[in-house]
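Read off the chains here:
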Amino acid sequence: MKYSVPIGPQHPALKEPISLRMTLDGEVIQDADIRLGYNHRGVEKVAEGKTYLQNIYLTERICGICSHSHSTCFVQGVEKLLEVEPPRRGVFIRYLVSELERVHSHLLWLGVAAHEAGFDSLFMYVWRDRELIMDLLEMISGNRVHYAINTLGGVRRDLDEGQVKKILDSLALLRKQSEYYLNIGAHEPSFVGRLAGVGLLTKEQAVDLCAVGPTARASDVPIDVRKDDPYGMYGETPFEVCTADTCDVLGRTVVRIKEVLVSYDIIEHLMRNLPAGPVAIRTPRRPKPGEAVARYEAPRGENIHYIKSNGTDKPERLKVRAPTLGNYAATVEMLKSGFLADIPLIFAAIDPCICCAERTATLVDARTGEEKTVNFSTLRALARERWKNAPLKKDAVWPF
Amino acid sequence: MAILKTFLYLLIYPGFLFLLVYSTFCEWFDRKVFARLQNRMGPTHTGRFGLLQPVADIIKLLAKEDIVPERADRKMFSVLPVIGLAIASTAMLLLPVWHFSLERPSPNSFPGDIIVLLYILSLPTLIFFLAAWSSTSFFSEIGGARVLTLLFGYEVPLFLAVLGPAIMAGSWRLAEIAHFFQQRPLLLLANLLGFLIAVICLQAKLERTPFDIPHAETEIVGGTFTEYSGKKLALFRLMIDVEMVAGAGLLAAVFLGGFPGGVFVGFVHFVIKTLFVIFLLSILRAVTSRIRIDQVVNFSWRYLAPLAVLQLFIILLLKGFVL
Amino acid sequence: MNDADVFERIRSLLGEKALELTHPAPRRIFLKVDPKDLTAAMAVLRKELGFTFVSTISGVDLGESFEILYHMANEVTNLNVRTQVPRSHPHVDSICSVIPGAILYEREIQEMFGLVVDNIPDGRRLLLSDDWPEGQYPMRKDWVHQRPEEKIPGGKS
């Protein structure tokens with residue numbers, strides 16, 4: 001029996017409006033169709049009518065989870081246009097917030113993924129830990145969501161000794177708890193069994209479809225802007241790019257968990273080596289005409305801002321590409337020939353931030369648009385063949 | 001006097017009144033245990049320790065607008081929750097709580113009542129399927145199909161597991177099985193494997209994590225109950241609670257030695273033993289994640305059913321050589 | 001290989017086709033090509049230098065013409081390939097045959113600037129909402145958003 005099942009725009013599995021239209025044969029997905037546009041706000045157009053300083057706060061509001069990533073990316077680009085270099089203490093604090101945000105975003109994702117898989121206990125535990133990070137962010141910036149700590153030429157708030165100590169203390173606690181919970185999650189067979197082999201995206205597909213962030217890294221494509229195009233102090237910070245070769249949702253989970261642990265190390269490094277000095281410098285208001293490309297590794301992948309200035313205090317053009325948009329083409333591919341029960345997992349596994357992706361665009365199965373009808377046995381045969389060729393461990397175990 | 005006793009049995013204990021109060025209590029207990037295992041507080045505000053929260057939930061649902069979808073089969077859609085609750089409550093009457101004599105069969109305790117009880121406990125699944133089918137929504141229909149697929153998974157292992165003690169006791173009557181094990185409590189240990197299988201199958205029958213596939217909210221919204229709201233949903237929730245008590249009661253009667261000692265001591269036995277089973281169900285719910293429908297069928301036929309057969313062999317061997 | 005090497009390789013590989021080639025900042029290379037050479041240049045860049053990854057495609061309204069920037073990356077540097085098409089004849093070739101993942105951005109730019117991407121594998125006009133009027137391209141500079149007049153039901157007309 002064939003169904004066409006709408007998932008969204010309003011659906012319990014989706015925290016933001018998006019419409020996935022699935023053609024199902026029984027429980028097997030035959031065709032996937034993504035339709036966006038429910039959250040379109042025209043941020044790029046608005047940005048052309050605002051000054052650079054105002055735009056920091058506008059870009060911060062592109063996303064509700066990785067708000068710091070957009071404003072940092074924008075500030076990086078504008079600082080290049082203004083030809084100023086923020087002081088080192090300011091840089092350290094800026095990327096401290098970055099890494100804290102990455103940890104909180106990944107923990108949030110892990111909770112959501114556990115919930116999508118019906119594992120509410122892990123969800124509750126992880127989110128309780130995430131509160132510690134939120135408290136740190138509130139302590140540093142005064143806000144839990146939109147930190148508003150970036151400004152042109154540095155950051156707006158300084159850290160004192162007590163705060164540094166508190167961050168390190170919380171970090172020690174978090175590290176202990178995360179490892180404990182992650183062990184529990186990793187040894188729960190129903191959870192691992194549920195994630196393994198779901199939403200396959202081979203390395204070639206990931207490269208062809210320009211997947212970004214943990215989605216690409218889980219397919220063994222080692223792209224990480226922090227390593228490839230080091231900004232801020234990442235060039236001098238020791239850390240490793242986390243990849244997995246399972247190419248499925250389990251791999252994406254593992255990559256994110258490893259990244260959380262790597263972020264703890266980076267935060268500790270930043271706090272131990274925090275230089276003295278001012279946190280911001282004064283900057284001119286009008287950059288010379290020119291253009292800049294800023295890249296930033298957001299929790300979900302590469303975030304890129306293209307800024308073109310025309311000599312006034314307003315940008316001529318601001319182009320924002322959020323990581324989620326880069327992953328949609330890959331998602332459509334992942335969804336095909338999966339199970340209905342896997343839709344929320346696969347979709348959640350790219351950590352979709354729909355409001356990020358939708359500041360300008362709407363799309364429908366953009367890749368080919370073909371609507372093939374295959375009978376069930378052919379589909380099974382195809383799936384089996386793909387299963388055979390996929391670089392995938394069938395008796396999946398937690399990779400560390 | 002006998003008539004009064006029958007009325008008491010039907011209406012007060014373990015009949016309607018006790019059943020409603022106790023099933024809401026069991027829901028509270030389940031929620032509280034589940035919440036504490038997740039580091040949450042669970043219900044706290046309504047009544048002492050939040051004891052009245054399930055009641056409050058049901059009252060809230062009763063007060064809501066009652067919606068019947070235009071395309072749904074109106075009669076079926078409306079009547080199914082009532083039938084479902086009636087069926088689940090009937091199952092309760094067959095448990096050997098009191099008001100039966102071991103020598104003389106009565107309408108609520110007779111040879112073969114274990115089969116009848118299992119049969120009655122299978123009916124809610126059918127009710128869920130019909131409810132899903134008559135609401136004519138995509139999500140409900142997928143949920144309904146999953147309900148039936150799930151049934152194929154857990155039903156056979158459950159039957160095999162529950163019939164083991166019956167074979168050991170050499171009786172098809174719940175009261176006699178319970179009495180048999182009361183005389184020889186050590187033999188209960190021989191059924192440990194069967195008990196665990198039955199707990200897992202009961203979890204599947206009640207459609208709770210990891211088997212909450214028919215109404216997996218992140219996939220198919222409300223699944224079976226997508227179109228149900230208000231009073232009808234309240235009745236369904238009550239029905240699931242009652243089913244949980246009846247199922248726990250069945251397991252307690254068969255595997256945990258029943259409820260000896262007349263009305264009052266038997267009552268204590270009943271509460272402690274059913275709560276123990278529900279406690280196990282809650283733990284199972286807290287430590288697992290939802291699995292896929294194909295994984296359920298795989299799991300139950302690859303592991304549960306063979307293990308249940310193994311349990312039967314153990315019982316047959318015991319019966320042949322030891323007893 | 002670092003970004004300077006990449007810069008030299010691009011110069012030698014593309015030769016005449018590279019109309020402008022600058023290296024204004026570390027790991028930032030800007031290249032300008034003619035629209036008709038675009039796909040060929042992309043194919044060379046992908047094959048020889050591993051520019052498999054298109055971050056995004058930006059459009060800029062320059063008045064008389066549109067500038068289209070393909071922000072690409074490999075593991076050592078970022079490369080921005082720009083091309084200009086006249087406003088009167090805004091046609092550009094699709095690069096999806098070379099880099100399939102670019103399709104989303106091409107569709108986006110089609111809707112936002114009214115560019116026509118030739119040979120696009122899937123050019124359904126669904127980037128904006130279904131009732132979006134024809135011929136309105138919101139990211140063009142001459143397009144101004146007009147807020148529809150607010151009507152309060154039951155209020156003063």
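Conventions we followed
- Residues numbered from 1 in each chain as written.
- Chains lettered and ligands numbered in written order.
- Predicted model: local features only at pLDDT ≥ 70, side-chain atom pairs only at ≥ 80, totals over all residues.
- Helix = DSSP H or I, 4+ residues; strand = E, 2+ residues; numbered from the N terminus.
- Rg over C-alpha atoms; globule rule 2.2 N^0.38 Å.
- Buried ≥ 20, exposed ≤ 12 C-beta atoms within 10 Å, placed from the backbone.
- Contact = placed C-beta atoms within 7 Å.
- Core = buried A, V, L, I, M, F, W, Y, C linked by C-beta atoms within 7 Å.
- Pairing = 2+ DSSP bridges.
- Axes fitted to C-alpha atoms, helices over the stretch in contact; angles between N-to-C directions.
- Parallel < 35°, antiparallel > 145°, perpendicular 65-115°, else oblique.
- Left-handed = near helix turned anticlockwise from the far one by under 90°.
- Nonpolar A, V, L, I, M, F, W, Y, C, P; charged D, E, K, R; others polar.
- Expected span 1.5 Å × (residues − 1).
- pLDDT = per-residue confidence, 0-100.

## Observations regarding the overall build of chain C
Working step 1: Broken down by element type, chain C carries 3 helices and 7 strands.
Working step 2: Starting at the N terminus, the α and β elements of chain C follow one another as α-β-β-α-β-β-β-β-α-β.
Working step 3: In terms of C-alpha radius of gyration, chain C reaches 19 Å, well past the compact-globule figure of 15 Å for 157 residues.
Working step 4: By its C-alpha atoms, chain C is 70 × 30 × 30 Å across when sized along the principal axes.
Working step 5: Taking all 157 residues of chain C together, the buried fraction comes to 38%.
Working step 6: The contacts in chain C between residues at least 6 apart in sequence include a share of 51% that link residues at least 24 apart.

## Remarks on the nonpolar core
Residues and elements named next belong to chain B.
Working step 1: Residues A198, C201 and L251 are the most contacted members of the largest nonpolar core, which totals 243 residues.
Working step 2: Element by element, the count of residues in this core is highest for helix α10 (residues 230-255), at 18 residues.
Working step 3: Setting aside residues no more than four positions away along its own chain, C201 makes contact with Y154, P157, L158, A161 and L304.

## Points about the pairing of strand β1 (residues 20-25) of chain C
Residue and element names in this part refer to chain C.
Working step 1: In terms of burial, β1 is largely open, as just 0 of its 6 residues are buried.
Working step 2: In terms of strand pairing, β1 meets strand β2 (residues 28-32) through 4 bridges, oriented antiparallel. Within the sheet, the bridge partner assigned to A25 lies in β2 and is R28.

## Structural notes on the packing of helix α1 (residues 3-14) of chain C against helix α2 (residues 38-49) of chain C
All names here are of chain C.
Working step 1: Orientation of α1 relative to α2, taken along the N-to-C sense of each, is 130°, at an axis distance of 11 Å. With respect to each other, α1 and α2 are oriented oblique. You can see that α1 and α2 cross each other, and the crossing is right-handed. Contacts from V6, R9, L13 and L14 in α1 reach A41, V44, E48 and L49 in α2.
Working step 2: In terms of residue class, the contact of α1 with α2 is made up of 6 nonpolar, no polar and 2 charged.

## Some thoughts on the packing of helix α6 (residues 138-169) of chain B against helix α12 (residues 293-321) of chain B
Working step 1: Put simply, α6 of chain B and α12 of chain B touch, their axes get as near as 9 Å, and they point 10° apart. By the angle between their directions, the pair α6 of chain B and α12 of chain B is classed as roughly parallel.

## A short note on the sheet that holds β2 of chain C
The strands that make up a sheet are held in pairs by hydrogen bonds between backbone atoms, and each pair lies either parallel or antiparallel.
Residue and element names in this part refer to chain C.
Working step 1: Sheet architecture is open: 5 strands sit in the order β1-β2-β5-β4-β3, paired in mixed fashion. Taken across any chain shown, the strands that pair with only one partner, and hence form the sheet edges, are β1 and β3 (53-61). Within this sheet the neighbouring strands show an average axis-to-axis angle of 20°, counted without direction.
Working step 2: In this fold α1 packs onto β1 and β2, with an angle of close to 10° to the strand it touches most, β2.

## Some details on helix α8 (residues 192-205) of chain B
Residue and element names in this part refer to chain B.
Working step 1: Helix length check: α8, at 14 residues, gives a terminal C-alpha distance of 20 Å against a target of 20 Å (1.5 Å per residue), a fit within 8%.
Working step 2: Where α8 is concerned, the buried positions are G194, F195, I197, A198, V199, I200, C201, L202, Q203, A204 and K205.
Working step 3: Residues of α8 that are buried in the fold lie against α5 (113-134), α6, α10, α11 (262-287) and α12.

## Observations regarding the environment of L182 of chain A
Working step 1: Considering the arrangement of structural elements, one finds L182 of chain A in helix α6 (residues 161-186).
Working step 2: Separated by 56 residues in the primary sequence, L182 of chain A and V126 of chain A place their C-alpha atoms 9.0 Å from one another.

## Let's talk about the pairing of strand β6 (residues 290-298) of chain A
Remark: a regular strand shows side chains that alternate across the two faces of the sheet.
Residue and element names in this part refer to chain A.
Working step 1: The buried count for β6 comes to 8 of 9 residues, which makes it a mostly enclosed element.
Working step 2: Examined bridge by bridge, β6 and strand β7 (residues 301-309) share 9 bridges and lie antiparallel to one another. From the neighbouring strand, E291 faces β7, where its bridge partner is K308.
Working step 3: From the end of β6 to the start of β7, which pair antiparallel, there are 2 residues.

## Considerations on the sheet that holds β7 of chain A
Residues and elements named next belong to chain A.
Working step 1: Read across the sheet, 3 strands follow the order β6-β7-β8 without closing on themselves; strand pairing throughout is antiparallel. With partners counted over all chains shown, the strands left at the sheet margins are β6 and β8 (315-321), one partner each. In this sheet, adjacent strand axes meet at a mean angle of 15° when their direction is disregarded.
Working step 2: Contacts between helix α3 (residues 67-82) and the sheet are confined to β6, β7 and β8, with β6 contributing the most and set at about 150° to the helix.
Working step 3: Contacts between helix α12 (residues 323-335) and the sheet are confined to β6, β7 and β8, with β7 contributing the most and set at about 125° to the helix.

## Remarks on the interface of chain B and chain A
Working step 1: With 23 residues of chain B at the contact, the number on the chain A side is 27 residues.
Working step 2: The set of elements that each furnish at least two residues to the side of chain B that touches chain A consists of α6, α9 (217-220), α11 and α12 of chain B.
Working step 3: Tallying contributions element by element places α9 of chain B first for the side of chain B that touches chain A, with 3 residues.
Working step 4: By residue class, the composition of the side of chain B that touches chain A is 10 nonpolar, 7 polar and 6 charged.

## Looking at helix α5 (residues 120-141) of chain A
Residue and element names in this part refer to chain A.
Working step 1: Compared with an ideal rise of 1.5 Å per residue, which puts 22 residues at 32 Å, α5 spans 31 Å between its outermost C-alpha atoms and is within 8% of the ideal.
Working step 2: Inspection of α5 places D120, S121, L122, F123, Y125, V126, D129, I133, L136, L137, I140 and S141 among the buried residues, and these make up the whole buried set.
Working step 3: Positive phi appears at G142, one or two residues downstream of α5, with a value of about 90°.

## Re the confidence of the model for chain C
Working step 1: Confidence in the prediction of chain C, expressed as mean pLDDT, is 82, and 94% of residues score 70 or more.
Working step 2: Listed scores for the predicted complex are pTM 0.82 and ipTM 0.86.

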